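# Summary of the model geometry
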Amino acid sequence: MTVDLFAGIPVRDHATAAAWYERLLGAPPAFRPNDVEAVWELAEHRYVYIEVRPERAGYAMHTVFVSDFDARIAEIAERGLEPAERETYSNGVRKAIFRDPDGNEIGFGAAPA
């Protein structure tokens, strides 16, 4: 069974949000289905997309678990973004939380070091 995931992030301004997510994710969108959406493929069949929906902007919360946590956070920092928060849970799981210009939260998490 194949499972596709499209995780949506409502934003106020398409151009501002698209530029920020390009910096965060390190690549331009995989595709733009229309003038108000942009889609990035994080892994096969797993996507995150922005959509202009000003009335809902700022309320998204997504966490992406990665195996290259330290390298990924360092690469994002090289592109000029720093986490708003860093957490390490009692079980050792780590998380770096970024907030886009609208306040949407996208985190990267990893298993204990």
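From a predicted model like this one, the values you see are computed outputs, not experimental measurements.

What follows deals with the UniProt feature "domain: VOC" (unreviewed entry) in the protein. Under the feature "domain: VOC" (unreviewed entry), the UniProt entry names residues 2-111. Counted over residues 2-111, helix gives 20% and strand 42%. Its end C-alpha atoms are 25 Å apart.

Counted according to the given criterion, the structure contains 7 salt bridges. Between Asp-70 and Arg-94 there is a salt bridge, with the nearest N and O atoms lying 3.0 Å from each other. Of the two residues, Asp-70 sits in helix α2 (residues 69-78) while Arg-94 sits in strand β7 (residues 94-99), which places them 24 residues apart along the sequence. Of the charged contacts in the structure, one is a salt bridge between Arg-99 and Glu-105, with a shortest N-O distance of 3.6 Å. With a relative accessible area of 35%, Arg-99 lands in the partly exposed category. Among the residues examined, Glu-105 registers a relative accessible area of 13% and is labelled buried. Look at the salt bridges and you will find they share partners, linking Glu-85, Lys-95, Arg-99 and Glu-105 into a network.

Criteria and cut-off values
- Residues numbered from 1 in each chain as written.
- Predicted model: local features only at pLDDT ≥ 70, side-chain atom pairs only at ≥ 80, totals over all residues.
- Heavy atoms only, no water.
- UniProt positions renumbered as here; feature names shortened; annotations may be inferred.
- Helix = DSSP H or I, 4+ residues; strand = E, 2+ residues; numbered from the N terminus.
- Salt bridge = Lys/Arg side-chain N within 4 Å of Asp/Glu carboxyl O.
- Buried < 20%, exposed > 50% of the residue type's maximum accessible area, 1.4 Å probe, protein only.

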